[in-house]
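Remarks on the overall topology
Chain by chain, the residues run as shown.
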Amino acid sequence: MKVPLLDLHAQYASIREDVLAAITRVCDSQQFIMGPEVEQLERELAAMLGVRAAIAVSSGTDALLVAMMALDIGPGDEVITPTFSFFATAGCVARLGARPVFVDVDPDTLMLDPAQLRAAMTPRTRAIIPVHLFGLCADMDPIAEIAAQARVPIVEDAAQALGAAYKGRAAGRLGTVACFSFFPSKNLGAYGDAGLVTTDDEELGKRVRLLRTHGAEPKYYHREIGGNFRLDALQAAILRVKLPHLSDWNARRRANAARYRDLFERFGLLSRVTLPVEPDGRTHIYHQYVVRVPNRDAVRRHLAARDIGTDIYYPVPFHRQECFASLGFPADRFPNADAAAATVLALPIYPELTAAQQEHVVRSMAEALA
Ligand SMILES: *Cc1c(COP(=O)(O)O)cnc(C)c1O
């Protein structure tokens, strides 16, 4: 039995007619950049999340970049990020000439640890970027309290968390501004690059819109220097086909996570494998199902031999990346992130995964750990 880490073919088969009709609609219109499809998508996402402004952009990375441009982050500023995330979280800070300040993660959730955040705040701190890693929201109440005390904006990196919630509020409205990604492998994936910025601050939303098209308003009159962060109409049309399915797909991811828990218990592995946690008050959408095992690389090889796809998110924390060496963080400064990087293993969790495939995964884990 083959179990890929992600099977986009299965999802495509279930929506193929609608996707092809949407693509045809855009081709027949010959309007490829922005336009009504993008505007409709923005309205639908704003309504779903309950935010005042939803601005579709070219990728999740560009969402982070343009959100921080709109907050005027630049040289001399410090921006705090967890050291354990996808590269873009910190890369965008450095690209704006600001200094990324790394902090260690909570050992259970692998996300920004509020106590470490508090210790890292300085008078130069200009933003905090909590990452809702793997589909679970970061612990936002204490983070928001620290941010409010210091009057520093929060930029949510919600790239992996569309549909997740914290105390009944959607990821995307838990900070000053939030950034989503529709990279094809994300839980809502385009057929290319795409992203989104959300905010309840209408002035900030306007600024993001302006920066998205070279800061021009009207066209060819540049009020400030922005970029090309626009979304293609084709991507918007495809995302609009998929959006009505998202809550069902997220529910199936959650059901698969529950089934994994039952299986790990049935195979007597709960003391050998650390499963993802879902703290009270938070809704995990399991963008990834990341377990931790001490002998991770051997387990991974065994699963590969059993035709099971896995991946490691992420093998190298920011403070150990070559490109950030000049920031001067000691390699051994963040033990929780290092421990995570050495033990994390992402298992298949996509909505169309079958019970038999999940049993094959857990049985193979049991073999590897025997
Ligand atoms: C995917 C991702 C991004 C970047 O999104 P792209 O659309 O690939 O540019 C940023 N942060 C996190 C946490 C991500 O997972």
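Residues numbered from 1 in each chain as written. Predicted model: local features only at pLDDT ≥ 70, side-chain atom pairs only at ≥ 80, totals over all residues. Heavy atoms only, no water.

Here's the deal with the site of the ligand
Taken together, 16 residues form the shell around the ligand, and within it Gly60, Thr61, Gln160, Ser181 and Lys186 come nearest. Glycine 60 is positioned with one of its backbone polar atoms (N or O) 2.8 Å from an oxygen atom of the ligand. One nitrogen or oxygen atom from the side chain of aspartate 157 is found 2.8 Å from a nitrogen atom belonging to the ligand. When isolated, the ligand has an accessible area of 380 Å², and the protein chains bury 93% of it. Within the residue set of the shell around the ligand, elements represented by two or more residues are α3 (60-70) and α4 (88-95). With 3 residues, α3 is the largest single contributor of residues to the shell around the ligand. Here the residues of the shell around the ligand are counted per class, giving 7 nonpolar, 7 polar and 2 charged. (Near = heavy atom within 4 Å. Polar contact = N/O pair within 3.5 Å; in protein donor to acceptor, adjacent residues only side chain to side chain. Areas by Shrake-Rupley, 256 points an atom, 1.4 Å probe, with all protein chains shown as cover. Helix = DSSP H or I, 4+ residues; strand = E, 2+ residues; numbered from the N terminus. Nonpolar A, V, L, I, M, F, W, Y, C, P; charged D, E, K, R; others polar.)

Considering the pairing of strand β8 (residues 177-181)
Regular strands show a simple pattern: their side chains alternate between the two faces of the sheet. Most of β8 sits out of view: 5 of its 5 residues are buried. Residues Val177, Cys179 and Ser181 point to one face of β8 and Ala178 and Phe180 to the other, with burial holding for every one of them. Pairing of strand β5 (residues 155-157) with β8 involves 3 bridges; the strand directions are parallel. Bridge pairing in β8 places valine 155 opposite valine 177. The sheet contact formed by β8 and strand β9 (residues 195-199) spans 5 bridges and is antiparallel. Residue pairing across strands places serine 181 opposite glycine 195, the latter belonging to β9. (Buried < 20%, exposed > 50% of the residue type's maximum accessible area, 1.4 Å probe, protein only. Pairing = 2+ DSSP bridges.)

Some points on the sheet that holds strand β6 (residues 165-166)
The 3 strands lie next to each other as β7-β6-β10, forming an open sheet whose pairing is antiparallel. Lying at the two open borders of the sheet, with one neighbouring strand each, are β7 (169-170) and β10 (282-283). The pairing of β6 with β7 spans 2 bridges and is classified as antiparallel. Pairing of tyrosine 166 across the sheet is with arginine 169, part of β7.

Focus: the domain arrangement of the protein
For the protein, the domain assignment lists domain 1 (8-244) and domain 2 (246-369). One C-alpha centre belongs to domain 1, the other to domain 2, and the line joining them spans 24 Å. Counting residues at the interface gives 50 residues for domain 1 and 34 residues for domain 2. Ionic pairing is found between aspartate 139 and arginine 282, a salt bridge with its closest N-O pair at 3.9 Å. There are 21 residue pairs in polar contact (both at pLDDT 80 or more) connecting domain 1 and domain 2. Those elements giving two or more residues to the side of domain 1 that touches domain 2 turn out to be α1 (8-29), β2 (78-82), α4, β3 (99-103) and β6. Sort the elements by how many residues they give to the side of domain 1 that touches domain 2 and β3 lands first, with 5 residues. Residues that form the side of domain 1 that touches domain 2 fall into these classes: 30 nonpolar, 13 polar and 7 charged. (Domains from an automatic or database assignment. Contact = heavy atoms within 4.5 Å. Salt bridge = Lys/Arg side-chain N within 4 Å of Asp/Glu carboxyl O.)

Describing empty space enclosed by the protein
Per the counting criterion, the structure on display carries 2 cavities of 30 Å³ or more. By volume, the largest cavity is sized at about 130 Å³. Taken together, 15 residues make up the lining of the largest cavity; nearest its centre are Thr109, Phe134, Pro276, Val277 and Val290. Counting contributing residues per domain, the lining of the largest cavity is built from domain 1 (8-244) and domain 2 (246-369), each supplying no fewer than three. In this model, the second largest cavity occupies a volume close to 100 Å³. For the second largest cavity, the lining is made up of 15 residues, of which Leu6, Leu8, Gln11, Arg253 and Pro351 are closest to its centre. (1 Å grid on protein atoms, 1.4 Å probe; cavity = no way out; pocket = protein on both sides within 12 Å on 5 of 7 lines; lining within 4 Å. Points joined across faces, edges and corners; volume = space filled by probe spheres on them.)

Quick look at the sheet that holds β9
Sheet architecture is open: 4 strands sit in the order β1-β9-β8-β5, paired in mixed fashion. Each of the sheet's edge strands pairs with one partner strand only, and the pair in question is β1 (53-57) and β5. Going from strand to strand, the sheet's axes swing by 20 degrees on average, the running direction of each strand aside. Relative to β9, β1 runs antiparallel, the two sharing 5 bridges. (Axes fitted to C-alpha atoms, helices over the stretch in contact; angles between N-to-C directions.)

Examining the packing of helix α9 (residues 246-266) against helix α12 (residues 355-369)
Running from N to C, α9 and α12 point in directions that differ by 40 degrees, and their axes come no closer than 10 Å. Classified by the interaxial angle, the pair formed by α9 and α12 is oblique. As for how α9 packs across α12, the hand of that crossing is right-handed. Residues Asn256, Arg259, Tyr260, Leu263, Phe264 and Arg266 of α9 lie in contact with α12, whose contacting residues are Ala355, Gln358, Glu359, Val361, Val362 and Met365. Split by residue class, the contact of α9 with α12 holds 7 nonpolar, 2 polar and 3 charged. (Parallel < 35°, antiparallel > 145°, perpendicular 65-115°, else oblique. Left-handed = near helix turned anticlockwise from the far one by under 90°.)

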